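# A look at the structure
So you can see what is in the structure, the chains are spelled out below.
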2 protein chains.
Amino acid sequence: MELRHAVLGLLSIRPMSGYDLGRAFAGSVAHFWYADQSQIYRVLDRLAVDGAIETERVRQEKLPDRLVHSLTDAGRSELRDWLISPLEQDRPKEPFLARLFFAAALSDDEVARLLDEREQETRKVLEQLRAIPVPTGDRAAELQAATLRSGVAHAEAELDWLDDTRRRHAQLSDRR
Amino acid sequence: MELRHAVLGLLSIRPMSGYDLGRAFAGSVAHFWYADQSQIYRVLDRLAVDGAIETERVRQEKLPDRLVHSLTDAGRSELRDWLISPLEQDRPKEPFLARLFFAAALSDDEVARLLDEREQETRKVLEQLRAIPVPTGDRAAELQAATLRSGVAHAEAELDWLDDTRRRHAQLSDRR
DNA sequence: CGCACCTATAGGACGATACAAGTATATGCC
DNA sequence: GGCATATACTTGTATCGTCCTATAGGTGCG
């Protein structure tokens with residue numbers, strides 16, 4: 001049900017086509033939400049059936065028509081209800097941490113490689129976050145900017161932790 | 001497919017019943033993996049069919065029999081292959097950040113409440129992490145302890161970010 | 001006895017998801 | 001024309017995940 005809310009949220013900002021939504025999930029909200037293309041359209045179908053959105057076909061020159069979706073009052077109301085509802089229960093699934101937890105079967109080199117790979121990914125995420133234009137100007141923009149700062153803070157914490165973990169792991173290797 | 005790997009990982013530590021696995025997912029690995037009870041048994045069934053585990057019925061006094069599952073060579077090999085395979089692509093789904101991103105429709109109080117609730121959850125997570133006994137003694141234990149330290153580092157980063165975000169939000173409210 | 005809780009395992013129904021494949025139009029290049 | 005890329009939308013299918021339900025045995029309490 002959660003992609004539904006993310007889509008409602010994006011449509012609250014402005015009316016969008018499925019393709020626009022796909023681009024948003026690949027860009028401006030990629031730091032906190034991923035969505036698969038086929039899922040996006042499925043969610044839109046359901047939202048339309050439920051009366052949460054309405055759809056207008058917009059013709060374009062030299063490009064295929066777009067189906068532009070906008071929130072209905074019901075959709076806006078549903079979004080608001082979700083925003084003020086209790087936070088979801090945290091149900092972590094962290095493959096990297098799982099790998100590290102069970103990594104005793106690996107050699108020191110293999111563990112070091114795992115940590116290196118994680119660092120590379122983390123630095124890449126940090127770059128991507130820094131490439132997202134920071135919204136400015138009003139309260140909505142500030143709230144959006146806060147999500148980017150969260151991403152940066154967590155990536156930086158991860159890099160610090162990686163340094164620490166590498167140091168500890170190296171000491172353990174030396175002692176063995 | 002990822003719960004499968006987590007189960008293989010746990011069984012690499014020692015043979016366990018489905019119930020034991022359930023307790024591990026609620027306890028010693030809760031900080032990085034959640035698993036639903038019914039999924040656990042389903043995964044075990046599949047692992048057995050695939051030859052990755054073998055199962056022994058163990059009788060107990062005053063308690064029901066247990067079905068204790070242990071890794072086969074194939075299962076151990078599968079786990080190892082996963083551990084050294086490339087890291088999974090990060091596909092975030094962060095309901096809290098989504099809520100914050102789309103929170104312009106909320107009042108200042110409602111936003112503040114959202115941040116408060118997030119803080120409470122984060123403090124709870126921190127407590128839970130601190131309640132997990134820190135494994136010590138060997139390399140495997142150190143790797144496991146590293147995952148706990150990651151959890152703590154991220155929770156602390158989150159609390160810092162919350163302070164900062166609250167401050168910024170308060171300033172914005174004052175200016176409005 | 002019923003209830004609560006624990007140990008222990010299993011399945012149903014439904015929705016969500018990942019990954020793959022498909023359709024259509026347009027432009028540019030070989 | 002075929003291929004690549006972009007814009008735009010759609011569907012198939014197997015698996016996964018959630019939440020609910022069920023079974024069985026044991027202990028302790030009112």
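Residues numbered from 1 in each chain as written. Chains lettered and ligands numbered in written order. Predicted model: local features only at pLDDT ≥ 70, side-chain atom pairs only at ≥ 80, totals over all residues. Heavy atoms only, no water.

## Notes on the UniProt feature "domain: Transcription regulator PadR C-terminal" (unreviewed entry) in chain A
Mapped onto the present numbering, the UniProt feature "domain: Transcription regulator PadR C-terminal" (unreviewed entry) falls on residues 93-167 of chain A. The span residues 93-167 of chain A carries 80% helix and 0% strand; its end-to-end C-alpha distance comes to 26 Å. (UniProt positions renumbered as here; feature names shortened; annotations may be inferred. Helix = DSSP H or I, 4+ residues; strand = E, 2+ residues; numbered from the N terminus.)

## Looking at the relation of the copies chain B and chain A
With an RMSD of 0.1 Å, the operation that places chain B on chain A is a rotation of 180° combined with a shift of 0.0 Å along the axis. As the rotation angle and translation indicate, the two copies are arranged about a two-fold axis. A shared interface surface links the copies, since 100% of the contact residues of chain B are contact residues in chain A too. (Least-squares fit on C-alpha atoms with pLDDT ≥ 70 in both. Contact = heavy atoms within 4.5 Å.)

## As for the protein's contact with DNA strand C
Taken together, the neighbourhood of DNA strand C is formed by 25 residues, with Ser 38 of chain A together with Tyr 19, Gln 60, Leu 67 and Arg 91 of chain B sitting nearest. Here a phosphate oxygen of DNA strand C and a side-chain polar atom of Tyr 19 of chain B are 2.4 Å apart. Of all the elements in the fold, those that place two or more residues in the surface near DNA strand C are α3 (37-49) of chain A together with α2 (18-26), α3 (37-49) and β3 (66-71) of chain B. Top element by residues in the surface near DNA strand C is α3 of chain B. It accounts for five residues. Its residues assigned to classes, the surface near DNA strand C comprises seven nonpolar, seven polar and 11 charged. (Near = heavy atom within 4 Å. Polar contact = N/O pair within 3.5 Å; in protein donor to acceptor, adjacent residues only side chain to side chain. Nonpolar A, V, L, I, M, F, W, Y, C, P; charged D, E, K, R; others polar.)

## Observations concerning the domain arrangement of chain A
Residue and element names in this part refer to chain A. Domain annotation of chain A identifies domain 1 (2-84) and domain 2 (95-175). Contacts between the two partners involve four residues from domain 1 and, on the opposite side, five residues from domain 2. Both sides of the domain 1 and domain 2 interface together cover about 310 Å² of buried area, and 70% of this is carbon and sulfur. Applying the counting rule to domain 1 against domain 2 returns zero salt bridges. Our enumeration of links across domain 1 and domain 2 arrives at one residue pair in polar contact (both at pLDDT 80 or more). Looking at side-chain class alone, the side of domain 1 that touches domain 2 contains two nonpolar, two polar and no charged residues. (Domains from an automatic or database assignment. Buried area = accessible area lost by both parts, 1.4 Å probe. Salt bridge = Lys/Arg side-chain N within 4 Å of Asp/Glu carboxyl O.)

## Things to note about the interface of chain B and chain A
Size of an interface: often given as the accessible area lost when the parts come together. Taken residue by residue, the interface counts 65 residues in chain B and 66 residues in chain A. Across the chain B/chain A interface, buried area totals approximately 6,400 Å², and carbon plus sulfur atoms make up 66% of it. Counting the surface chain B buries against chain A, the share from its top three residues, Arg 99, Phe 101 and Arg 139 of chain B, is 14%. The tally of links between chain B and chain A comes to eight salt bridges. The closest approach of N and O atoms between Arg 139 of chain B and Asp 108 of chain A, which form a salt bridge, is 2.9 Å. Seen at the junction of chain B and chain A, the total is 33 residue pairs in polar contact (both at pLDDT 80 or more). At the level of secondary structure, the elements contributing two or more residues to the side of chain B that touches chain A comprise α1 (2-13), α4 (73-84), α5 (95-101), α6 (108-131) and α7 (139-175) of chain B.

## Here we look at the packing of α1 of chain B against α3 of chain B
All names here are of chain B. Interhelical geometry of α1 versus α3 gives an angle of 80° and a closest axis separation of 10 Å. In terms of orientation, α1 and α3 fall into the roughly perpendicular class. Residues Leu 3, Arg 4, Val 7, Leu 8 and Leu 11 of α1 lie in contact with α3, whose contacting residues are Gln 39, Ile 40, Val 43, Leu 44, Arg 46 and Leu 47. Within the contact of α1 with α3, the residues separate by chemical class into eight nonpolar, one polar and two charged. (Axes fitted to C-alpha atoms, helices over the stretch in contact; angles between N-to-C directions. Parallel < 35°, antiparallel > 145°, perpendicular 65-115°, else oblique.)

## Some details on the environment of Ala 48 of chain A
Secondary-structure assignment places Ala 48 of chain A in helix α3. When the C-alpha atoms of Ala 48 of chain A and Gly 151 of chain A are compared, they prove to be 32 Å apart, with 103 residues separating the residues in sequence.

## Observations concerning α2 of chain B
Residue and element names in this part refer to chain B. Three or more residues of α2 are buried, namely Gly 18, Asp 20, Leu 21, Ala 24 and Phe 25. Buried residues along α2 cover an arc of 155° about the axis, so they all sit on one side. Away from the buried face of α2 by more than 90 degrees, exposed residues Tyr 19 and Ala 26 are located. Turning to α2, the residues buried within the fold contact α1, β1 (16-17), α3 and β3. (Buried < 20%, exposed > 50% of the residue type's maximum accessible area, 1.4 Å probe, protein only. Arc of directions from axis to C-beta.)

## Here's the deal with the sheet that holds strand β3 (residues 66-71) of chain A
All names here are of chain A. The three strands are arranged β1-β3-β2 in an open sheet whose pairing can be described as antiparallel. In the strand order of this sheet, the two ends are held by β1 (16-17) and β2 (53-58), each with one partner. For β1 and β3, the ladder comprises two bridges, and the chain directions are antiparallel. Directly across from Ser 17, in β3, lies its bridge partner Val 68. Sheet strands touched by helix α1 (residues 2-13): β1, β2 and β3. Its angle to β3, the strand with the most contacts, is close to 95°. (Pairing = 2+ DSSP bridges.)

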